[in-house]
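One-letter residues, chain by chain:
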Amino acid sequence: MDWKAIIKPRDGWAVVPNLKDYERTRATFSWHQARQQLDGLPDGRGINIAHEAVDRHAAGARADHLALRWLGKRGEVRDFTYKEFARLTNRFANVLTTLGVGKGDRVFLLAGRIPELYVSALGTLKNRSVFCPMFSAFGPEPIRQRLGIGDGRVLVTTAALYKRKVADLRQSLPQLEHVLLIGTPEETNTVPGAHNFHALMAAANDQYEIQPTNPEDLALLHFTSGTTGKPKGAMHVHQAVVAHHATGTYALDFHPDDIFWCTADPGWVTGTSYGIIAPFTHGITSIVDEAEFDAERWYGILQQQKVSVWYTAPTAVRMMMKVGVEVVRKYDLRTLRFIASVGEPLNPEAVVWGQDAFGLPIHDNWWQTETGGIMIANYPAMDIRPGSMGRPLPGIKAGIVQRQQDGTFTVVTAPGIEGELALRPDWPSMFRGYLHEEERYRKCFADGWYLTGDLAKCDADGYFWFVGRADDVIKSSGHLIGPFEVESILMEHPAVAEVGVIGKPDPVAGEVVKAFVSLKQQYQPSDELHRELIGFARTRLGAVVAPKEIAFLANIPKTRSGKIMRRLLKARELGLPEGDTSTLEGEA
Ligand code: ATP
Ligand code: MG
């Protein structure tokens, strides 16, 4: 923890942050009060995500405000106001009702970031069916698995994706009753047993009244990223929207005039909680880009769309760093006010790079599919300690716990001691179970804590520092080493673009640290660079923690949500079976 590197908040705010006084807000916050920021369904008929996200704005002062601007791969632009969005989502809810699909039924989505996906998501929630997004780049097997585990009754996808990935599976999915295909009639008419999405939408009524929705009714089924093993189906309920909204207020600092861009795909929880729900509940404008990462395209979008709040991921930041800061300088990004990142530890190097490139630090925050919303964050009005995930959100109680020999857990109170990151499970977007995996769910809880599976430490001022996933931590000569620490140091070397670090079994030390490094374009692997990197790490980390071995790889294996798959690096190193690779990037 290098205190010299602290980044202070800006002097003088053009827009005053929502969270100005952390201690005070924390002391006065309650979830009950956060719920009061939302409407609830009329006449006390419960709470429904889609009402908070769409209908209440469509019926109020924000009706003609831009809800979503969609940017197509080929330069197309489509705009949707809240009022238009309300009508479209009403139509989709009516489509489902007409098909006999109702409360609790699972509606799966397999599509790129196209407007129909957003309409289907919120229409599904209006109908009290369960929205289950899948990443469009999944291959047939991950699709079959998820539809199977999730008891998918409806699948909305494009004609092209269906033909390529689903048609051959249909026989093995007896519970899949309805397939709705996005595409021209020529594309869809030839597909047996499928409906044309647009034809159903055109025939549907654009008025719809959301039926009573219990706060505990199932709303979302999200599969985890599969970084550590087979993806789990985490179940979330309608009142999760209270947390989506509150975290939008505090962790993403939404203000009414914001133009927000969440770069995550709705195939992952970030792309749903923050790519769809949270910004809509605030009635602000969201940008959706259909295309994949391209540094110049992204800077162009930030400039042209006047994005003010931007939520992205470490993998994207590292790719931007690889392209270099000179490219950013060509763009006028003065409308940007706040940048946040999630999904993996954000190396201190990346936080500082943001400051140089955008004149703004990148604010790391931490959460999981299971938590449904942001739990620990760096806020605009607070000092940033680069490398720290920040401090718990108002309403979130986090602790570092250690398992004792008798199986109970004690809370670590001394600063800087590593243990498992645990949370008191009492916020609205907490998951309610892993579908069909009761035992696994039960094992996540002990002594009133939810155990996250991540190791962390907390400093004297309440900032949390990520150490590593419990599965990834390396035990070497009696020391516990978090891969993040080693990776962050190697990232500081100018030749290094990405790093994944594992523990390699060793007869003497138990495990030794091995690093897999991918180099920036202008560098080539060589014995000399190898020696230099080993020396560089040793000077900074000491002989025990520094890698004993470094291997150069053209690409580090990652999940489709951009997370380094250390378990795969390890399996490959040891010649062991690779396990579940359904979410591996490039496997489709
Ligand atoms: P699986 O549970 O299937 O192995 P996963 O844990 O990667 O996959 P997600 O729920 O998408 O699935 O990711 C949450 C995890 O990502 C966290 O538990 C943590 O390990 C990591 N993570 C997310 N944000 C951060 C962050 N800011 N710093 C460090 N780690 C983070
Ligand atoms: Mg996980």
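Every value quoted in this text rests on a predicted model; they were computed, and no experiment measured them.

Student: Help me understand the packing of helix H13 (residues 314-323) against helix H15 (residues 348-358) in this model?
Tutor: The description of two packed helices rests on the angle between their axes and on the distance between the axes. It is the contact of H13 with H15, at a shortest axis distance of 11 Å, that shows an interaxial angle of 55°. Regarding the angle of H13 to H15, the classification is oblique. Considering how the two elements wind past one another, H13 and H15 form a crossing that is left-handed. Side by side, H13 and H15 meet where Val317, Met320 and Met321 of the first sit next to Glu349, Ala350, Trp353 and Phe358 of the second. Of the residues that constitute the contact of H13 with H15, the class distribution is six nonpolar, no polar and one charged.

Student: Help me out: how do you make sense of the nonpolar core in this one?
Tutor: Side chains of a nonpolar character, in soluble globular proteins, are inclined to be buried together. One finds Trp31, Phe85, Leu122, Val156, Phe280, Tyr311 and Ile374 to be the most contacted residues of the largest nonpolar core, which totals 96 residues. Ignoring sequence-local partners within four residues, the contact set of isoleucine 374 consists of Thr247, Ala251, Leu252, Tyr274, Tyr311, Asn365, Trp366, Trp367 and Leu393. One finds Trp261, Met321, Val328 and Leu360 within the second-largest nonpolar core, a separate group that totals 31 residues.

Student: What am I meant to see in unusual backbone geometry here?
Tutor: Residues other than glycine predominantly adopt negative phi, and peptide bonds predominantly adopt the trans conformation. The backbone phi angle of aspartate 253 is positive, close to 55°, even though this residue is not glycine. Inspection of the secondary structure puts aspartate 253 in the loop between helix H10 (240-250) and strand E10 (259-262). Owing to a relative accessible area of 2%, aspartate 253 belongs among the buried residues under this scheme. Notably, lysine 306 is not glycine yet its phi reads approximately 55°, a positive angle. Counting through the fold element by element, lysine 306 comes out in the loop between helix H12 (295-304) and strand E12 (309-312).

Student: Sorry, what's going on with the packing of aromatic side chains here?
Tutor: Describing an aromatic ring pair means giving the distance of the ring centres and the angle of the ring planes. Using the criterion set out here, one finds 27 aromatic pairs in the structure. Ring geometry for phenylalanine 445 against tyrosine 450: centres 5.7 Å apart, planes inclined by 50°, an arrangement best described as tilted. A relative accessible area of 28% means that phenylalanine 445 is categorised as partly exposed. Residue classification places tyrosine 450 among the buried positions, given a relative accessible area of 1%.

Student: Help me out: how do you make sense of the site of ligand 1 in this one?
Tutor: Contacts to ligand 1 come from 22 residues, most closely from Thr224, Gly226, Thr227, Thr228 and Thr369. Separating an oxygen atom of ligand 1 from a side-chain N or O atom of arginine 469 is a distance of 2.7 Å. Considering ligand 1 on its own, with 630 Å² of exposed area, one finds that the protein chains cover 96% of that surface. For the shell around ligand 1, the secondary structure elements donating two or more residues are strand E14 (362-366) and strand E22 (464-469). Per-element tally for the shell around ligand 1: the top contributor is E14, with three residues.

Student: Help me understand the environment of isoleucine 362, please; the structure alone is not making it clear to me.
Tutor: Tracing the sequence through the fold places isoleucine 362 in strand E14. Since its relative accessible area comes to 2%, isoleucine 362 is described here as buried. Between the alpha carbons of isoleucine 362 and valine 352 there is a distance of 7.8 Å; along the sequence they are ten residues apart. Ignoring any residue separated from it by four or fewer positions in sequence, one finds isoleucine 362 in contact with Val317, Ile339, Ala340, Ser341, Leu346, Ala350, Val351, Gly354 and Ile384.

Student: What is the right way to look at the pairing of strand E17 (residues 398-403) in this model?
Tutor: Consecutive side chains along a regular strand alternate between the two faces of the sheet. Alignment of E17 against strand E19 (residues 419-423), held across four bridges, turns out to be antiparallel. Bridge pairing in E19 links valine 401 to glutamate 420. In this antiparallel pair of consecutive strands, E17 and strand E18 (residues 409-411), the connection spans five residues, and glycine 407 shows a positive phi of 90°.

Student: How do you make sense of the domain arrangement of the chain when you look at a structure like this?
Tutor: Accessible area lost upon the coming together of the parts serves often as the stated size of an interface. One can read the domain layout of the chain as domain 1 (22-458) and domain 2 (471-574). One C-alpha centre belongs to domain 1, the other to domain 2; they are set 31 Å apart. Listed as interface residues are 22 residues of domain 1 and, on the opposing side, 22 residues of domain 2. Of the roughly 2,000 Å² buried between domain 1 and domain 2 on both sides combined, carbon and sulfur atoms contribute 57%. Looking only at domain 1, the three residues that lose the most surface to domain 2 are Thr227, Arg318 and Lys322, adding up to 26% of its buried area. Inspection of the region where domain 1 meets domain 2 yields one salt bridge. Measuring nitrogen to oxygen at the nearest pair gives 3.3 Å for the salt bridge that ties arginine 318 to glutamate 498. Viewed at the interface, domain 2 and domain 1 are joined by seven residue pairs in polar contact (both at pLDDT 80 or more).

Parameters and conventions
Residues numbered from 1 in each chain as written. Chains lettered and ligands numbered in written order. Predicted model: local features only at pLDDT ≥ 70, side-chain atom pairs only at ≥ 80, totals over all residues. Heavy atoms only, no water. Axes fitted to C-alpha atoms, helices over the stretch in contact; angles between N-to-C directions. Helix = DSSP H or I, 4+ residues; strand = E, 2+ residues; numbered from the N terminus. Parallel < 35°, antiparallel > 145°, perpendicular 65-115°, else oblique. Left-handed = near helix turned anticlockwise from the far one by under 90°. Contact = heavy atoms within 4.5 Å. Nonpolar A, V, L, I, M, F, W, Y, C, P; charged D, E, K, R; others polar. Core = buried A, V, L, I, M, F, W, Y, C linked by side-chain atoms within 4.5 Å. Buried < 20%, exposed > 50% of the residue type's maximum accessible area, 1.4 Å probe, protein only. Phe/Tyr/Trp six-rings, centres within 6.5 Å; stacked < 30°, edge-to-face > 60°. Near = heavy atom within 4 Å. Polar contact = N/O pair within 3.5 Å; in protein donor to acceptor, adjacent residues only side chain to side chain. Areas by Shrake-Rupley, 256 points an atom, 1.4 Å probe, with all protein chains shown as cover. Pairing = 2+ DSSP bridges. Domains from an automatic or database assignment. Buried area = accessible area lost by both parts, 1.4 Å probe. Salt bridge = Lys/Arg side-chain N within 4 Å of Asp/Glu carboxyl O.

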